[in-house]
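Secondary and tertiary structure notes
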Amino acid sequence: MTEHLQRSSSLAWFMAIYAGIVSAQDVSWDGAPRDREMRVVDSWTKRVADSVARNEGAGTAGSDIHPFTGELPFRFRLNEEDSRAFLAQWEYEAADASAAIRGGETHHHSWLDPKTGLRLTWEVTTFPNYPAVDWTLTFENTGSAPSPRIHKVRAIDLVAGPVRGREARLLHAARGGAPTGIAYQPLQADLAGGVPVRLEPVDGRSSNGYLPFFNLQLGQQGVIVGLGWSGQWAMNAVAEGPRVRLHGGQSNLDLRLGAGERIRSPRVLVVYWKGERLHGQNLWRRVLRDHYCPLLDGKHPLPFVQCNSWFPLRNGENATEAKLISYLNGYAGSGLDYLVMDAGW
């Protein structure tokens, strides 16, 4: 349900935070990773990895001190059975891998069902300089017959908290890039009342309706989650006592894999923050810039100037080759870096 999502601030303030215009006037907003944040994520990833290595499957419930439980942060069903009921019975292997993300350290955890030949690989990347964890799931049918039914796949199923007393349990999100006056509008939902929130885009376009980025605030700490998926995704948030469960991934995935087929989940990025929420926002920006943003000749390029052909050409309805070339020639001496041909080419 999204009815109780509320506007959290003006569009200008939102754009300042998310587009990186806010200056760190207060050092507490500067986004530099903090030792406490690094220790929390390092401890969490080690607890989960240790429980997996001991073949405990779902891991442990965790304590009230740690902001994350020790459970595996993903979940799925084979036929009607929950993965947390059977994964510990599969054959487990662990291996180092080449870095999946620039500057990260990647490990593969894989489980093989000896009965069906279905293999699950959890590719996890951590970073030496940031309290961040990145992962994907890959399902592969190594058997000779169709796999069991794979469905209700939660690429992320993360329980965070707890909060104390009246501390905030807020989910911060944003509308997507539809051509309306409320595009990129910041939103927040108070989860304390127990009403679940579900966000998903419109018509299979990943930023149409809502953006796939979420900041879960739990008192003076929180997690920012991003889903890397260029199609239909869904994210859900619900309070469970003093904690909050975030779960989501590709929307409505329900299939069987033929022999030799494989499919992967959306990419998940989780960044833990402690202190001020705007510090968390800037910490998120630093992670993206240092490890995800493409480099040009090995360096971060300066922001570029572009023009989109969609609107000058009446929403693409008036597009012709001659008009596009005319626009290109007209902008050539203006310092424009790119002319983007949207739909209507």
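Within any chain, residue numbers begin from 1 and follow the written order of that chain's sequence. Local features in this predicted model are restricted to residues whose pLDDT is 70 or higher, and side-chain atom pairs enter the listing and the counts only when it is 80 or higher, whereas totals over whole chains, interfaces and linings include all residues. Processing note: side-chain calculations cover all non-hydrogen atoms of the structure and skip hydrogens and water entirely.

Turning our attention to unusual backbone geometry. Following Gly161, the chain continues to Pro162 via a peptide bond in cis, the omega torsion being 5°. Put simply, DSSP marks the helices as runs of H or I at least four residues long and the strands as runs of E at least two long, and each gets a number from the N terminus on. With respect to the helices and strands, Pro162 occurs in the loop between β9 (156-160) and β10 (169-174). At Asn79, a position not held by glycine, the phi torsion is positive, near 55°. Position of Asn79 among the secondary structure elements: in the loop between β2 (75-78) and β3 (81-82). The phi dihedral of Lys152 falls on the positive side, at around 50°, and the residue is not glycine. Tracing the sequence through the fold places Lys152 in strand β8 (residues 150-154).

Moving on, we get to the sheet that holds strand β12 (residues 197-199). A pair of strands is considered paired only if DSSP assigns at least 2 bridges between the two. Taken in spatial order, the 4 strands line up as β9-β16-β15-β12 in an open sheet, and their pairing is antiparallel. The open sheet has two free edges, formed respectively by β9 and β12, since each of these has just one partner strand. Averaged over all adjacent pairs, the angle separating strand axes in this sheet is 15°, with direction ignored. For strand β15 (residues 233-240) and strand β16 (residues 243-250), the ladder comprises 8 bridges, and the chain directions are antiparallel. Note that in β16 the partner of Glu240 across the bridge is Arg243. Axis definition: a line fit to C-alpha positions, over the contact stretch in the case of helices; interaxial angles, taken between N-to-C directions, run 0 to 180 degrees.

A few words now on the sheet that holds β3. What the 4 strands build is an open sheet, ordered β3-β2-β8-β17; its pairing is antiparallel. The open sheet has two edge strands, β3 and β17 (254-255), and neither has a second partner. Looking at chain direction, β8 and β17 are connected through 2 bridges and run antiparallel. Looking across to β17, one finds that Ile150 is bridged to Leu255.

With that settled, the discussion passes to the pattern of salt bridges. For salt bridges, the criterion is a side-chain nitrogen of Lys or Arg within 4 Å of an Asp or Glu carboxyl oxygen. What the rule picks out here adds up to 14 salt bridges. In this structure, Asp157 and Arg245 form a salt bridge, with 2.5 Å as the shortest nitrogen-oxygen distance. In this pair, Asp157 sits in strand β9 while Arg245 sits in strand β16, placing the two residues 88 residues apart along the sequence. In this structure, Asp157 and Arg245 share a single accessibility class: buried. Taking the shortest distance from any N to any O, the salt bridge between Arg245 and Glu240 comes out at 2.8 Å. One continuous salt-bridge network, built from bridges that share partners, spans Arg75, Asp82, Arg154, Asp157, Glu240 and Arg245. Burial classes: relative accessible area under 20% of the type maximum marks a residue as buried, over 50% as exposed, and values in between as partly exposed (1.4 Å probe, protein chains only).

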